[in-house]
Each structure stands twice: as structure tokens, then as C-alpha cells.
Amino acid sequence: MSQNRPVSQKKFHPKEFFLRSQSYIALIALFIIGSLVCVRNGRNMFLSVTNIMNLLRAVSETGILAIGMTMIILLGDIDLSVGSVVGLVSTGSAALMVHNGLGFVPTVLICLGIGIVYGLFNGFVVTRMKIQAFVVTLASMNIARGLARLWSGGAGIPLTYGKGAGLAAPEFEILCTRLGGVVPVPAIIFLVLLAIFWVIMSKTRFGRQIYATGGNATAAHLSGIKVKNVKLIAFMLSGLLASIAGMIHSAQISQGGPNEGMSYEMYAVAAVAIGGTSMAGGKGTMFGTLVGALIFGMLDNIMGLNGINSNIQLVVKGFLIILSVFAQAVHKED
């Protein structure tokens, strides 16, 4: 006579659940805090449609950079040049239209090409010359700033839209408009790109190769994955995304300048780390990066609405990054 064997069930561990869900818990907590502390004269400023749309617009540029940074960090590398590429492409887009009289399509194509070529340069030096990505992109960060200053003569290039010499293509202005006067176009671009790269990372062979390479590059190589090519493509995609962010940035502020995008690489890394992607590589998701970008942007928004000193904001955001990485380390030990 056969006996029924008890079905094994996983025990619920509150600590493990918290560590795995920390990003989502933090996002919900920040949303509740913002709803409670951002009330003025009976009006909830945080929950207003205008503020929510402003929040989405504010996180779109660094969010786009964070998509590319997620791939790079999943590989166990880092790309510190993305903020400078934003400045280079911001300068280039303005210069091509204002100084060279190029239209919308040629300007966009050339700027995308700049990002891809820059990523190719980073990836080539990392993979072929076997120099650490931190060192390579730290150096190329300065190269991009120098190129941007040479291109612009060291000054910003204002964008005035219209037809004729010295004017920017009117179509470029769409990058700073709102659909229906409400939804920011940059936020739509960010979410569409996030969806595309979520599919790439979770449903394609290339995405699986990134995870495999970041988890164990030697094992990935022995299994037939062309590790160098995977890294090269990832850096090219990171450069491409940085160029998109650069064009959005110049449209948003109606100016291209060599000093734009300062510290954007830090915000991108922060969004990735806060979203739960392991800084050691191999673990993380695009959805986690979205959550991380929203947390960082929401914290910024709440402190701004409450008039907190900008220097204090920097201190708080710095500690947030440290806590996120520390939580990763604790989870790994467990």
C-alpha cells in the first residue's frame, strides 16, 4: 500500500523577502511619503498630473542612459563616458542644425552615428587592448568633453526653431513637447526603449549571452559565446542610447553645450544599483532599472517640492547609492 508523501513547501523568510523586494518596497514607501508630505493649502502637489508628468520627464534622460548602463553592469563592467557623450551629442545636434544648416533627419542620423562610434571605441579598447572598462571610459569621458568644447568653441549653442540660416529644424522641437499637452515625449521614448531592451534582454540569444558573460566570462567563452563581440555590441548600444539622451537634452533646454550631462553617468549607475542589478555582473533586470530610476527621480522630486537645499539633496542621494550597494552585499552573503 503506497503512502502519500508530504509535498515540500518553501518556508517564508521575511529577511530574504525584504532583500529581494527592497527596490519595490522603497518605491511604494516613497510614493506614500510624497503623498503625505507634499500638501500645500489643501492641494496635493505630488499627486497632481502635472507633477507626475514632470517626474517622468525628469527621469527620462538618465533612465535612457540607465538602460545601456544595465547591460554594461550586467557584464561586470561600467561606462563612465555616457554623461560626456550626452554633452558631445547635445553640442553636435545644435551645431549641425544652427552652424551647418542640416535638417532634422540628417542631424539625428549623424548624432546616432556619433554615439555608436563612441561606444565602438570604448568596446574596442576594452576588449582588444584588454584595459579595464573603468579606466577606458574614465579616459574617454574626458575625450568626449574635449571634443565637445572644440566643436562648440567652448560656449553653448542656443536653439531657435524655424526655417533659414542659423535656425534649428522645427521638427527637432518635438523632443521637448507633450502629447495632448500632457504626456512628455521624452518619457514615451524612454518607456518604448525600455520595453524594446526588456525584450532583448529576456527573450533573445544576445540577452542570454550578456547574463552568461557577466555571470562567468570564462565559462561563457568555453560554451562558445564570443565574449568580446558581446561586450563590443553592449558598449555600442550604450553609446547609441547616450546619443538619444543627448538629443533629448538639447531639445529640453533649447541649447547644446559641452558642459551638459555632467554627473549623468553617476545617476545612471545609481538607477541601476538601486534597481537591484548586481555591480559584480550577471544579475539584474530592465524592470528593476525602471524602478531604480523612478526611486531616484521621486526622491529628487519630493525634496524639491519641499524646498530642501540642493546640497543636502546631493548628500541624501549619495547615501542612497551606498545603502543600495550595501544591501546587495548583505543579500549576497546570505
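Residues numbered from 1 in each chain as written. Predicted model: local features only at pLDDT ≥ 70, side-chain atom pairs only at ≥ 80, totals over all residues. Heavy atoms only, no water.

**Let's talk about the packing of aromatic side chains**
Going by this rule: Stacked, edge-to-face and tilted labels apply to pairs of Phe, Tyr and Trp rings (six-membered ring for Trp) whose centres lie within 6.5 Å, assigned for plane angles under 30 degrees, over 60, and everything in between, in that order. Here a strand is any run of E in DSSP of at least two residues, a helix any run of H or I of at least four, and the numbering for each starts at the N terminus. Three exposure classes are used, based on accessible area relative to the maximum for each residue type with a 1.4 Å probe and protein chains only: buried under 20%, partly exposed in between, and exposed over 50%.
One pass over the structure, following the stated rule, counts six aromatic pairs. Ring geometry for tyrosine 24 and phenylalanine 287: centres 6.0 Å apart, planes at 20°, overall stacked. Here tyrosine 24, found in helix α2 (residues 22-37), pairs with phenylalanine 287, found in helix α12 (residues 286-305); they are 263 residues apart in sequence, far enough to count as distant. The exposure class assigned to phenylalanine 287 is partly exposed, which follows from its relative accessible area of 44%. Considering the side-chain rings of tyrosine 267 and phenylalanine 296, the 5.6 Å spacing of their centres and the 50° angle between planes classify their relative orientation as tilted. With tyrosine 267 in helix α11 (residues 264-274) and phenylalanine 296 in helix α12, the pair connects residues that are 29 residues apart, well separated along the chain.

**Here's the deal with the state of the cysteines**
Keep this limit in mind: Note that a disulfide, as used here, is simply two cysteine sulfur atoms within 2.5 Å.
Counted by the stated rule, this structure contains zero disulfides. Between cysteine 176, a cysteine without a disulfide, and cysteine 111, which holds the nearest cysteine sulfur, the sulfur-to-sulfur distance is 15 Å.

**With respect to the environment of leucine 167**
Put simply, the rule reads: Two residues form a contact once any of their heavy atoms are found within 4.5 Å.
Relative to the helices and strands, leucine 167 resides in the loop between β3 (157-158) and β4 (178-179). For leucine 167 and isoleucine 67, which are 100 residues apart along the polypeptide, the C-alpha to C-alpha distance reads 32 Å. When neighbours within four sequence positions are excluded, leucine 167 is seen to be in contact with Met97, Val98, Thr160, Tyr161 and Gly162.

**A closer look at helix α4 (residues 82-98)**
For clarity, the cut-off: Each residue after the first adds 1.5 Å to the expected span of a helix.
Along its 17 residues, α4 runs 24 Å from first to last C-alpha, staying within 8% of the 24 Å computed at 1.5 Å per residue. Most of α4 is tucked away: 17 of the 17 residues are buried.

**Points about the side chain of serine 140**
Note that serine 140 resides in helix α6 (residues 133-152). Taking relative accessible area as the criterion, serine 140 reaches 1% and is therefore assigned buried. Not counting residues within four places of it along the chain, the set of residues in contact with serine 140 comprises Ser81, Tyr118, Phe121 and Asn122.

**Considerations on unusual backbone geometry**
In this structure, serine 254 takes a positive phi of about 55° despite not being glycine. Following the sequence through the fold, serine 254 ends up in the loop between α10 (227-253) and β6 (255-256). Of the residues examined, serine 254 reaches a relative accessible area of 32% and is grouped as partly exposed.

**Overview of the side chain of serine 250**
For clarity, the threshold we go by: Within 3.5 Å is the distance limit for a polar contact, defined as a pair of N or O atoms, with the added protein rule that one can donate a hydrogen and the other accept it, and that residues adjacent in sequence qualify only through two side-chain atoms.
Locating serine 250 in the fold gives a position in helix α10. In terms of polar contacts, serine 250 uses its side chain to reach the side chain of serine 93, at 3.1 Å.

**Description of the environment of proline 184**
Position of proline 184 relative to the elements: it lies in strand β5 (residues 183-184). Along the backbone, proline 184 and glycine 304 are 120 residues apart, and their C-alpha atoms lie at a distance of 20 Å. With near-sequence residues (within four places) excluded, proline 184 lies in contact with Met53, Arg57, Thr177 and Arg178.

**Re the pattern of salt bridges**
The following threshold applies: The salt bridge definition used is simple: a Lys or Arg side-chain nitrogen within 4 Å of an Asp or Glu carboxyl oxygen.
Taken as a whole and judged by the stated rule, the model has two salt bridges. The closest approach of N and O atoms between lysine 231 and aspartate 77, which form a salt bridge, is 3.3 Å. Note that lysine 231 is positioned in helix α10 and aspartate 77 in the loop between α3 (49-74) and α4, a separation of 154 residues in sequence. Across the pair, aspartate 77 and lysine 231 agree in class, each one buried. Two residues, aspartate 300 and lysine 317, come together in a salt bridge whose shortest N-O distance is 3.1 Å. Here aspartate 300 is found in helix α12, whereas its partner lysine 317 is found in helix α13 (residues 310-333), with 17 residues between them in sequence.

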